[in-house]
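# A structural walkthrough
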Amino acid sequence: MFVIREAEWLAPQVRWLVVDAPRIAARHRPGHFVILRVVEDGERIPLTVARSDSQEGTITLVVQVVGATTDRLCRLEAGEAIANIAGPLGRPTQIENFGHVVLVGGGVGTAVIYPQALGLKACGNRITAVIGGRSKPYVILEEELGRTCDAVLPCTDDGSHGYHGFVTGKLQELIADTANPVHAVLTAGPVPMMRAVANVTRGPGIHTIASLNPIMVDGTGMCGGCRVQVGGKMMFACVHGPEFDAHQVNFDELSDRLTAYRDQEKVAWDHFREQADPGHICKLAVLQ
Ligand SMILES: Cc1cc2nc3c(=O)[nH]c(=O)nc-3n(C[C@H](O)[C@H](O)[C@H](O)COP(=O)(O)OP(=O)(O)OC[C@H]3O[C@@H](n4cnc5c(N)ncnc54)[C@H](O)[C@@H]3O)c2cc1C
Ligand code: FES
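Residues numbered from 1 in each chain as written. Chains lettered and ligands numbered in written order. Predicted model: local features only at pLDDT ≥ 70, side-chain atom pairs only at ≥ 80, totals over all residues. Heavy atoms only, no water.

Judged by nonpolar contacts, the single largest core of 33 residues is most densely connected at Val102, Val104, Val185, Leu212 and Phe251. The element that contributes the greatest number of residues to this core is helix H6 (residues 191-202), accounting for six residues. Per-domain counts for this core show at least three residues from each of domain 1 (2-91 + 262-283) and domain 2 (100-211). Setting aside residues no more than four positions away along its own chain, Phe251 makes contact with Val191, Met194, Arg195, Ala198, Ala210, Leu212 and Ala246. Counting 28 residues, the second-largest nonpolar core is a separate cluster that includes Leu103, Ile113, Leu145 and Val152. (Core = buried A, V, L, I, M, F, W, Y, C linked by side-chain atoms within 4.5 Å. Buried < 20%, exposed > 50% of the residue type's maximum accessible area, 1.4 Å probe, protein only. Helix = DSSP H or I, 4+ residues; strand = E, 2+ residues; numbered from the N terminus. Domains from an automatic or database assignment. Contact = heavy atoms within 4.5 Å.)

Listed below in structure tokens is the structure:
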């Protein structure tokens, strides 16, 4: 069992969980993820390790409620436990001195760019973080990124905080500033956003890495669930990624595969909510 030390709502439907997991914390590097089951007979879901503290023996997960398992996980409070967590999994981020790196995070994807920022800064890069959300409450980890990055540029769809528009608009502005050339871009977030980021950087030929989020089951290359096409070749995101050259990723296929089980996922979530404590449902509804 993995005991939760801290549990807080970071944004509407987004939970910050600090969990006792000393062996994972000792080996964690930026880019790694874990696969967990909230209860013994539960579904396995992949989550990025947003932060680790090897002294304290903890890892931090930032989780968005999108279905039955994330809902179950986000109802847990400090002192309660997650049944099992496997990791760290995946290949770590390529950390090197690129020069000026722009990290582009959308929604909960900002939790993926956060450890990348820590690793890339330690390697001497100048870091600009462009983080998006539909409105101010949905922009997460701005303060935490501010402690590491040279600049943090929030963007909101409705203009309630920072730049009024999509992260790609702000990215285009940064690329147009030839006095401060952008040498690499790393992005994580919804598939349409990562596709749009890749389209912005393709023309100027800027090295761009996307952290992909396909459906995963085992996380060890055995089931094929996380299959993605990169440069026309079949890759398993759990063992070959989850980070790939964004200009080579087949985002259409990724998008199709992510929605393949939508009907079953809805049934599972409805069933879970029927069983769950109605008090909690009120709490989530207030946050929506
Ligand atoms: C390597 C990796 C790292 C991830 N890191 C995080 C993280 O740090 N925080 C976080 O909140 N989520 C993260 N995800 C996504 C997370 O695994 C899914 O949201 C989760 O599995 C959904 O489970 P569920 O049962 O709650 O919802 P489901 O019922 O399985 O799905 C509900 C809805 O979410 C969509 N969905 C399902 N799986 C994914 C997915 N993998 N990515 C995006 N949408 C999905 C479905 O299309 C559906 O519309 C990561 C995924 C991967 C592959
Ligand atoms: S999750 Fe099964 S092969 Fe990647």
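Not every one of the 21 residues close to ligand 1 is listed here, only the nearest: Pro46, Val62, Gln64, Thr70 and Asn213. In the environment of ligand 1, an oxygen atom lies 2.7 Å from a nitrogen or oxygen atom belonging to the backbone of Pro46. Taking Thr69, its main chain carries an N or O atom lying 3.1 Å from an oxygen atom of ligand 1. Against a free-state accessible area of 860 Å², the protein chains account for coverage of 85% of ligand 1. Taken together, the elements giving at least two residues each to the shell around ligand 1 come down to strand E4 (45-48), strand E6 (58-64), helix H2 (68-74) and helix H9 (262-275). Counting residues per element, the shell around ligand 1 draws most heavily on E4, which supplies four residues. In the shell around ligand 1, the residues fall into 12 nonpolar, six polar and three charged. (Near = heavy atom within 4 Å. Polar contact = N/O pair within 3.5 Å; in protein donor to acceptor, adjacent residues only side chain to side chain. Areas by Shrake-Rupley, 256 points an atom, 1.4 Å probe, with all protein chains shown as cover. Nonpolar A, V, L, I, M, F, W, Y, C, P; charged D, E, K, R; others polar.)

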